[in-house]
Amino acid sequence: FKREEKVMQACGFPHIETHQREHRDFTKRIQDIHVRYHREADVAMTRDLLDFLKDWLNHHILIQDMAYKPYVAGDRKVRRVARSFGPGLADTGAGAGPFKPEHAAHTAG
């Protein structure tokens, strides 16, 4: 999340506060689940966690992350900021990222 938020700052993404709030809420929820798991792990909880993660990641990546994609495309300053955190998924070939729109076209269809 830190890398993504630094990239958003570098490109001047106007909705960064909302995005940061989603990251904080997600982190808090995962911490709460972790505590609950150590108290009372059960099959239902595991299923709830899986459903939560699937829904959150789909929403966050497909909607929230794509909202800032136009702000970062082709921006060299943003690329430098992102790379200061090390290689990202787009740099390793492991997935589509905001800096390589040609990968998104291949994975979308």
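Refer to the preceding data block for the structure.
Residues numbered from 1 in each chain as written. Predicted model: local features only at pLDDT ≥ 70, side-chain atom pairs only at ≥ 80, totals over all residues. Heavy atoms only, no water.

(A) Expanded view of the overall build of the chain. A tally of regular secondary structure across the chain gives 6 helices and 0 strands. Listed by position from the N terminus, the elements making up the chain come as α-α-α-α-α-α. Burial status across the chain gives 28% buried among its 109 residues. When contacts within the chain are restricted to residue pairs at least 6 apart in sequence, long-range pairs at least 24 apart make up 62% of them. As displayed, the chain has an accessible area near 7500 Å², and 57% of this comes from carbon and sulfur atoms. (Helix = DSSP H or I, 4+ residues; strand = E, 2+ residues; numbered from the N terminus. Buried < 20%, exposed > 50% of the residue type's maximum accessible area, 1.4 Å probe, protein only. Contact = heavy atoms within 4.5 Å. Areas by Shrake-Rupley, 256 points an atom, 1.4 Å probe, with all protein chains shown as cover.)

(B) Seen up close, the nonpolar core. Core analysis: the biggest nonpolar cluster contains 10 residues, these being Val7, Met8, Ala10, Cys11, Phe13, Ile16, Tyr68, Val72, Val78 and Ala82. Counting residues per element, this core draws most heavily on helix α1 (residues 2-11), which supplies 4 residues. With 5 residues, the next largest nonpolar core counts Phe26, Met45, Phe52 and Trp56 among its residues. (Core = buried A, V, L, I, M, F, W, Y, C linked by side-chain atoms within 4.5 Å.)

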